[in-house]
Amino acid sequence: MNRRSFLRLVVDGAPLPLYDEVLREAVAGAASPAEAEDLQAEHTLALHLRDTLEKQRARHEQQRALVECAKELAEDRSDPDTILTLIVAQAQRLLGCDMAYLSLNDDEGGATCMRVMVGATSSAWKDVRIPFGTGVGGRVAATGTPFSTPDYFNDERLTHDPAVDASVRAERQVSIVGVPLRNSAVIGVLFASNRTPGPFSHDAIALLGSFAALATSAIEQARSRQERDRTLRDLCQAGESLRRRAADQERAVAVLDQTMDIVLRGGGVQEVVTAAGNRLGGVLAIFDEFETPVAWTPGAPEDVLKAMSAATVEARGGVHGVDGGTYWVTDLVAGTEALGALAWAPPAASGEVGDLDVRLLERAAVVTSLLQLFRRNLAAAEARVRGELLDDLLTPNPRTYSSLAERALRIGYQPQKRHAVVVAHIRAENRQSLASVASDLAAARGGLSTVRDDRAVLVIPSDDPSLTGRRTARSMTKRLGAPVTVGAAGPVDDPADLPAAYGEALACAHALIRLDRAGTAATAADLGYTGLLLGDSASAGEFVARTLGPVIQHDEQRSTMLMETLDTYFTTGQSLVASAKRLHIHPNTVTQRLDRVKRLLGVDWNSPDHTLEVQLALRLHRLSRELED
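Definitions and limits used
Residues numbered from 1 in each chain as written. Predicted model: local features only at pLDDT ≥ 70, side-chain atom pairs only at ≥ 80, totals over all residues. Heavy atoms only, no water. Helix = DSSP H or I, 4+ residues; strand = E, 2+ residues; numbered from the N terminus. Buried < 20%, exposed > 50% of the residue type's maximum accessible area, 1.4 Å probe, protein only. Contact = heavy atoms within 4.5 Å. Areas by Shrake-Rupley, 256 points an atom, 1.4 Å probe, with all protein chains shown as cover. Phe/Tyr/Trp six-rings, centres within 6.5 Å; stacked < 30°, edge-to-face > 60°. Lys NZ or Arg CZ within 6 Å of the ring centre and 35° of its normal. Pairing = 2+ DSSP bridges. Axes fitted to C-alpha atoms, helices over the stretch in contact; angles between N-to-C directions. Salt bridge = Lys/Arg side-chain N within 4 Å of Asp/Glu carboxyl O. 1 Å grid on protein atoms, 1.4 Å probe; cavity = no way out; pocket = protein on both sides within 12 Å on 5 of 7 lines; lining within 4 Å. Points joined across faces, edges and corners; volume = space filled by probe spheres on them. Nonpolar A, V, L, I, M, F, W, Y, C, P; charged D, E, K, R; others polar. Patch = residues over 30% accessible without salt bridge, like charges linked within 9 Å, V, L, I, M, F, W, Y side chains within 5 Å. Lys, Arg positive; Asp, Glu negative; His and termini not counted. Charge placed at Lys NZ, Arg CZ, Asp CG, Glu CD. Arc of directions from axis to C-beta. Polar contact = N/O pair within 3.5 Å; in protein donor to acceptor, adjacent residues only side chain to side chain. Parallel < 35°, antiparallel > 145°, perpendicular 65-115°, else oblique. Left-handed = near helix turned anticlockwise from the far one by under 90°.

> Quick rundown of the overall build of the protein? Include the residues and the values.
Along the backbone of the protein there are 20 helices and 16 strands. Buried positions account for 44% of the 629 residues belonging to the protein. In the protein, the share of contacts with a sequence separation of at least 24, taken over all contacts with a separation of at least 6, comes to 60%. Of the roughly 32100 Å² of accessible surface on the protein, a fraction of 52% belongs to carbon and sulfur atoms.

Given below as structure tokens:
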């Protein structure tokens, strides 16, 4: 028979139409119906053989591709997230599907969470959590067995979730298959999907399952590498930290040895500051209780020292940063005694302040506190002599001033300097340490102190009595643990003026107490004449309440403005028109408010006999509020 055989067609890989053409030619030339029937059977067998060979060839290609993917996954040393992306991309390539994606299980949350998707056209899939048992992924994650659907939204086997369905709909997915990522337990799901209906073949599902096994191994290896690398980094960092700490300890001990050597050979705080400053860099300074610099890094800018002085107000024990770490401050203490503060301005390019820097500051503070305590004890021994001198200076006896000046010079006090006179008052139950605290503060500033009538009197070099008074009140309050009220006067540069300045400072202290402003400080200029008038009078609060109490109470209860109107009325010379203009209201309104005042205070409130009393009460009320602010 002169024709092409079906076996040759199979061997040559001929296309399907050629099989039919050969069949027609052979049947046409058949000698009998039996021969034609045999040809038809041979044709069918050849086609079956061709299909079998094609499937084997396809399976072989899939296996080859699977082996290539496995090699690529095994060779990749990327982090777990990169491995996940590679797995999904390879899965899409293996199956030739529209999309492939992967989720990892959150067993505590009872869901499998979307992590990577290839072939997506939107971001709706991101952060989607598929509850166990829901949809394809939740079903596979819960059961640990593969599941495939030819039509997701019309598959009655599936339990649907609105959020999951929304992400499927956004990507127009129809047919979906999922296989578990499993080691000892299910750790996630690997998906493939198409945007057209139709089932995935058993071979495709099996291929995806085989690849999922390889992917699981790759994921575990990547996680193990990441954990190993993290552990190795932690160990290296720990080792480096130990090396740095050992070096820091050596440096800290060296600094402590150096500073203690300074103490033992009789050095002072300036040498300690210089030695510690050389190690730390930047500017290092020591401040006394008045925030006045005692010693500092040579060449330190004046504006930096001023800023550091302000920062020491926040000193509260231990080394801590101020102004976001611009300055570092620690108290100088010996037992319960506050001796000032140590402040450090790190170099601008130093970066973060390390543990070594903190330890160096702590050691410098300990040594400096020791030196300051030595200095204070020496000053205390001189305090008695200085106190006796101040008592004599405060006694107005011009005939003795020349001899007193000689005594002052012998103990190092220079009366010709400008001085502030400070009177400090504290409640009786807190006076046990008043004399010693006052003595320490005065000696630290090169001044004098004594105690008169249970009040401390200090004469301190200063051009600003108001500032000196506030600093004294703050420092003594801090050390005594109770509010200290301070009146101040001066400055004076003649011993003959000290008694008068003392009287003025004492009157200011009395005024503050009468104004119920315990714990504050003021000079005569701060208080004005009103405060001085109260130096020996009744309580300011009681006076104001007695004079204007009904008006104040009316304003507080009804949110009216009678006090403001009354104050404006007197400020404008009792002019209704000027008061209305200043208050931005009609003159009739001013009249109505003053009528209300008359009903509250009495018909004679504006008589000459009561006007001064009302105006004084108004002034005291306003002053009290200003001092409070």
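> Residue-level account of the packing of aromatic side chains, with values.
Within a pair of aromatic rings, the relevant descriptors are the distance that separates the centres and the angle that separates the planes. For the structure shown, the criterion picks out five aromatic pairs. For the ring pair Tyr152 and Phe153, a centre distance of 5.0 Å and an interplane angle of 90° mean the geometry is edge-to-face. Note on Tyr569 and Phe570: the rings are 5.5 Å apart at their centroids and 65° apart in plane angle, and the pair reads as edge-to-face. The pair Tyr569 / Phe570 is uniform in exposure class, with both members buried. A network of ring pairs unites the aromatic residues Tyr569, Phe570 and Trp605 as a single cluster. Between Arg452 and the ring centre of Tyr502, over which it is positioned, the NZ or CZ distance is 5.6 Å.

> I'd like a description of the sheet that holds strand E14 (residues 455-461), backed by residues and values.
Strands pair in a sheet through their backbones, by hydrogen bonds, and they do so in one of two ways: parallel or antiparallel. Ordered by their spatial adjacency, five strands build an open sheet running E13-E14-E12-E15-E16, and the pairing between neighbours is mixed. A strand with exactly one partner marks an edge of an open sheet, and here the two such strands are strand E13 (448-452) and strand E16 (521-523). Each neighbouring strand pair of the sheet contributes to a mean axis angle of 20°, computed without reference to strand direction. As paired strands, strand E12 (residues 419-425) and E14 are joined by six bridges and run antiparallel to one another.

> Give me the lowdown on the sheet that holds strand E5 (residues 175-182), citing residues and values where you can.
Spatially, E3-E2-E1-E6-E5-E4 is the arrangement adopted by the six strands of the open sheet, whose pairing is antiparallel. Among the strands making up the open sheet, the edge pair consists of strand E3 (129-131) and strand E4 (147-149). Averaged over all neighbouring strand pairs, the angle between strand axes comes to 25°, with direction disregarded. Two strands pair when backbone bridges link them, and strand E2 (residues 111-118) and E3 are joined in this way by three bridges, in the antiparallel orientation. In the strand pairing of E3, Cys113 is matched with Arg129. Seen against the sheet, helix H5 (residues 135-143) touches strand E1 (99-106), E2, E3, E4, E5 and strand E6 (186-194) and runs at an angle of roughly 30° to E5.

> Can you tell me about the pairing of E6, naming the residues and giving the values?
Judged by how many residues are buried, E6 sits mostly within the fold: nine of nine residues are covered. Judged from the six bridges that link them, E1 and E6 form a sheet pairing that is antiparallel. In the sheet register, Ala100 faces E6, and the bridge partner there is Ala192. Here E5 runs beside E6; their pairing, made up of eight bridges, is antiparallel. Bridging from a neighbouring strand, Pro180 pairs with Val189 of E6.

> Could you give me a rundown of unusual backbone geometry, with the residues and numbers involved?
Of the consecutive residues Gly490 and Pro491, the connecting peptide bond is found in the cis state with omega at 0°. In this structure, Asp127 takes a positive phi of about 65° despite not being glycine. Summarising the element assignment, Asp127 is placed in the loop between E2 and E3. The phi dihedral of His584 falls on the positive side, at around 60°, and the residue is not glycine.

> Tell me about the pattern of salt bridges, and please be specific about residues and values.
One pass over the full model with this rule turns up six salt bridges. For Arg195, the salt bridge is made with Glu171, and the minimal N-O distance between the two is 3.3 Å. In this pair, Arg195 sits in the loop between E6 and helix H7 (202-264) while Glu171 sits in the loop between helix H6 (162-170) and E5, placing the two residues 24 residues apart along the sequence. Of the residues examined, Arg195 reaches a relative accessible area of 21% and is grouped as partly exposed.

> Go over empty space enclosed by the protein with me, naming the residues and quoting the values.
Summed over all chains, the structure comprises two cavities of 30 Å³ or more. Lining the largest cavity are 18 residues, and of these Tyr101, Ile130, Val164, Ser167 and Val168 sit closest to its centre. Elements supplying a minimum of two residues to the lining of the largest cavity: E2, H5 and H6. By residue number, the principal contributor to the lining of the largest cavity is H5, which donates four residues. Along the lines of polarity and charge, the residues of the lining of the largest cavity split into twelve nonpolar, six polar and no charged.

> Could you give an account of a positive patch on the surface, with specific residues and numbers?
On the surface, Arg558, Arg596, Lys598 and Arg599 cluster together into a positively charged patch. No other element matches the three residues that helix H19 (residues 587-601) contributes to the positive patch.

> Let's hear about H6: which residues, and what values?
When we look at burial in H6, the residues that qualify are Val164, Asp165, Ser167 and Val168. Buried positions in H6, seen along its axis, are confined to an arc of 160° and lie on one side of it. H6 presents Pro162 and Arg169 as exposed residues on the side facing more than 90 degrees away from its buried surface. Those residues of H6 that are buried lie in contact with E3 and E5. Residue Asp161 occupies the N-cap position of H6, its side-chain oxygen lying 3.1 Å from the main-chain nitrogen of Ala163. Count one or two residues on from H6 and you reach Arg172, which has phi positive near 60°.

> Talk me through the packing of helix H12 (residues 434-444) against helix H13 (residues 465-480); I want residue IDs and the actual numbers.
The N-to-C vectors of H12 and H13 enclose an angle of 135°; their axes lie 11 Å apart at closest approach. Taken as axis vectors, H12 and H13 run oblique relative to one another. With respect to the hand of their crossing, H12 and H13 are arranged in right-handed fashion. Listed contacts from H13 to Leu434, Val437, Ala438, Asp440 and Leu441 of H12 are Ser475, Met476, Arg479 and Leu480. When grouped by side-chain class, the residues that make up the contact of H12 with H13 number six nonpolar, one polar and two charged.

> Could you give an account of the packing of helix H18 (residues 576-583) against H19, with specific residues and numbers?
A pair of packed helices is characterised by two quantities: the angle between their axes and the separation of those axes. The interhelical angle for the contact between H18 and H19, taken along N-to-C directions, is 105°, at an axis separation of 8 Å. In terms of orientation, H18 lies roughly perpendicular with respect to H19. Of H19, the residues touching H18 (which contributes Leu576, Ser579, Ala580 and Leu583) are Pro587, Val590, Thr591, Arg593 and Leu594. Across the contact of H18 with H19, the residue classes tally to six nonpolar, two polar and one charged.

> Let's hear about the environment of Val283: which residues, and what values?
Position of Val283 relative to the elements: it lies in strand E7 (residues 283-287). With relative accessibility at 11%, the residue Val283 sits in the buried group. Through-space distance from the C-alpha of Val283 to that of Ala345 is 5.1 Å; in sequence the pair is 62 residues apart.

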